[in-house]
Each structure stands twice: as structure tokens, then as C-alpha cells.
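These are the residues of each chain, in order.
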Amino acid sequence: MRYTGLIEKYRDRLPVGDSTRIISLGEGNTPLIKLENIPKELGKEVNLYVKYEGLNPTGSFKDRGMTMAVTKAVESGSEAIICASTGNTSAAAAAYAARAGIKAFVVIPEGKIALGKLAQAMIHGSTIIQIKGNFDDGMKIVKEVSNHAPVSIVNSINPFRLQGQKTAAFEIIEELGSAPDYHCLPVGNAGNITAHWMGYTEYHEIGKSDSTPIMLGYQAEGAAPFIKGSRVDNPETIATAIRIGNPQSWDQALKLSKESNGWFDAFTDKEILATQKMLTKKEGVFCEPASATSVAGAMRDIKLGKIPEGSSVVCTLTGHGLKDPDTAIAQCDQSAMININPTLEEVKKAILDQM
Ligand SMILES: *Cc1c(COP(=O)(O)O)cnc(C)c1O
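Read on for an overview of the structure. (Residues numbered from 1 in each chain as written. Predicted model: local features only at pLDDT ≥ 70, side-chain atom pairs only at ≥ 80, totals over all residues. Heavy atoms only, no water.)

Focus: the overall build of the protein
Of the regular secondary structure elements, the protein holds 15 helices and 10 strands. Taking 2.2 N^0.38 as the reference for a compact globule, 355 residues should give roughly 20 Å; the C-alpha atoms of the protein span a radius of gyration of 20 Å, in line with that estimate. Dimensions along the principal axes, computed over C-alpha positions, put the protein at roughly 65 × 50 × 50 Å. Counting across all 355 residues of the protein, residues that qualify as buried make up 57%. Sequence-distant contacts, at least 24 apart, represent 70% of the contacts inside the protein between residues at least 6 apart. Accessible surface, the protein: about 15,600 Å² in total, of which carbon and sulfur atoms supply 52%. (Helix = DSSP H or I, 4+ residues; strand = E, 2+ residues; numbered from the N terminus. Rg over C-alpha atoms; globule rule 2.2 N^0.38 Å. Buried < 20%, exposed > 50% of the residue type's maximum accessible area, 1.4 Å probe, protein only. Contact = heavy atoms within 4.5 Å. Areas by Shrake-Rupley, 256 points an atom, 1.4 Å probe, with all protein chains shown as cover.)

What follows is the structure, given as C-alpha cells:
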């Protein structure tokens, strides 16, 4: 059977009725790719997978939550949605609002949003409210505004978002036959790690998985409240999608980390970018910087033996690399570009020089 999106596929596990009008762009069902070259390089026997969420319709996992949030907003008669965003939530909100025929207002930090995400929010016709502040400032305002204006908030504090996002765990269990031993995620607001834990425990309870994974959350060093143990006032990182100092799902994330025997860790921007590049060059997988923190974490903990050999490990690649072309180009060697005349001789020489 062919499904048009995750709500149709997982209808019996999601809060929708038979008559609910579903707002979908065919999200979910993303590839689980087994890494081949990176484990070899580590010299460790592990089954290391990446769940490539960048292949969702707007290029990030946010679509899983947004199909549910917008479906429920429309069902409740809402004519507008609002979110604060580091970029991907605004892209998803803009697209799903367009699909539903309602308005989207997106609040973004001025100058701190990756180019691809801004392009999406603009082209889908959302109203973009740029603030002189960071995501945490925007989130605070959005929470207040939604109490004073007729708009539905579609940030991950909207419980329908997490309901949609939990389906990623369902897909992984269905593909592997059971939950992996470890699941690694980049953590910003900690909505996604919370949603994954919901999905894993739900499938465990109904007997679709023998076990639940150990949940590992990775942050950027300049925006690592879970490592610090308290909120961070001025979060800074090149991984703009996780440039968050005041996680909205703080309590849930601490609780699930403990319940699953998991841990948090953090990486420098340099380490994050090196991992992003490694994934593109060694495995052919292009994710955005924030996403690479999950693999950076898995690699470090496999190397240290904190994740033992023989384990199965899934890393979520939260967003597509094309979201942030500036950062990608900036870290490439510009001399790799060869400028020549369009003659056979010069092209042949250019090739032979490289062999
Ligand atoms: C939203 C986002 C995250 C962080 O997810 P949280 O649910 O806020 O923890 C990580 N990576 C990308 C690409 C994102 O868009």
C-alpha cells in the first residue's frame, strides 16, 4: 500500500479522527542508511546507521511535527499559525500553511538563519518577523502573543508536534526489526529527543520492539545547557539549528536521559564542521552542521568504548546540507575549482593533473 504521509500510515497511533482533513506533503519514510566507511576508519565493529531526515519535503524532520500541528490547527478552525524558529520550523510552517491555505507568521533571529531556510519561509509566502534577539527571545514573545491573538503556536511545545515526530522511531523499529541499542540526536529545544523516546517506549509497550534504546543527546559547546546543567544566556554556534540556550523540553529530556541510561555531550564548531565534511566525503551524505553533531557524538563514544563494539547505533541527520550553502562552501578548499578554457587539451590536462 502506498501512503501519502505519516498521518495516514500511523493513523491508529495518532490523535486524528476519520473525518479529519489531513494536511500532508508526503513526509516521513526517510532512508535509514548504513554507514560503511566511517566505522572502518574507526576500526570498530558497530552497525552505524543514519536516519536521513533531510529528505523530508522541506528538508528537515520538522515536517513530521508540522503535518500534525497544522492538521490539528485547521481542524480547530485556526486561520493562522505562528512559531519562533532558528530556521527549519519556519520553513516547515510556511510550507504546510500554504498547503492548508492559512497564514503563517514566523519569528526569526536577525542575521542568524541559514540562507536556504530563509528562502523557503519567503517563497512560501509566510510573514517573516525578524527580531533583534535570539531564538529564546523569539520563543518568549511567541508564547505571549498566542495568548493575545487568534493564532495557533506550532513550536514543539505544541503537543501535536511531538506526536508527529515520534513516528521516526516507529520507522526505525520497523526497518531494523527492533529498536537500536543507541540513538544519537542533536539537541536544541530537546523536542525531537523527547518525541523519539515517546515513539520507542510506545512501540515497546505494544510489543513491536523487544527493547528501548539508550538515548544520547549532543549539543554545540557554545549552546550546551544540558552539559552546563543550566540555561545559557547567549548561545553561540555555527550550527544555527541548535543555537538555543533555554530548551523548551528541558524536564522531559532530563527525565528520558535518566530513564534510558543515556547521557549528553557537546562539541566545538570545528568538530561539528569536520564531521559534516567527513559524512559528505566518506559516505556521500550531506547534512547541515547541527545534524552532524549526532554522528560526532556517536564516533567519539564508539572510539572511547562508551558505546561497545557489537552495538547498533542510529544517528538522526535532522536537516539537509543544502539548507546552509554558505557554511558548506566556506569550509571547502577554493583551489579545488579549476579555471580553464573550453578546449580538449586544457580539460585533459586538468584531469590528468589530478590522477
Ligand atoms: C530543530 C532542529 C534541531 C533540534 O531539534 P530539537 O527538537 O529542538 O532538539 C536539530 N537539527 C536541526 C536541523 C533542526 O532543524
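Looking at the packing of aromatic side chains
Summed over the entire model, instances satisfying the criterion amount to six aromatic pairs. Ring plane angle 15° and centroid distance 4.7 Å describe the contact between F226 and W250, whose orientation is recorded as stacked. Of this pair, F226 sits in helix α10 (residues 225-228) while W250 is found in helix α11 (residues 250-259), placing the two residues 24 residues apart along the sequence. For F226, a relative accessible area of 7% puts it in the buried group. Overall, W250 belongs to the buried group, its relative accessible area being 11%. Pairwise contacts between aromatic rings join Y10, F170 and Y203 into one cluster. Here the basic side chain of R231 rests over the ring of W250, its NZ or CZ set 4.6 Å away from the ring centre. (Phe/Tyr/Trp six-rings, centres within 6.5 Å; stacked < 30°, edge-to-face > 60°. Lys NZ or Arg CZ within 6 Å of the ring centre and 35° of its normal.)

Looking at the pairing of strand β10 (residues 312-317)
For β10, the tally of buried residues reaches six of six residues, placing the bulk of the element in the interior. The side-chain alternation of β10 yields two buried faces, one formed by S312, V314 and T316 and the other by V313, C315 and L317. For strand β7 (residues 182-186) and β10, the ladder comprises three bridges, and the chain directions are parallel. Bridge assignment links C184 to a residue of β10, and that residue is C315. (Pairing = 2+ DSSP bridges.)

Let's talk about the packing of helix α4 (residues 88-100) against helix α5 (residues 115-123)
One way to put it is that α4 packs onto α5 with a least axis distance of 8 Å and a crossing angle of 25°. It follows that α4 is roughly parallel to α5 by the angle criterion. Considering only the axes of α4 and α5, their crossing is left-handed. Where α4 approaches α5, its residues N88, S90, A91 and A94 are matched on the opposing element by K117, Q120 and A121. Counted by class, the contact of α4 with α5 contains three nonpolar, three polar and one charged residues. (Axes fitted to C-alpha atoms, helices over the stretch in contact; angles between N-to-C directions. Parallel < 35°, antiparallel > 145°, perpendicular 65-115°, else oblique. Left-handed = near helix turned anticlockwise from the far one by under 90°. Nonpolar A, V, L, I, M, F, W, Y, C, P; charged D, E, K, R; others polar.)

Keep in mind these values describe shape, not function.
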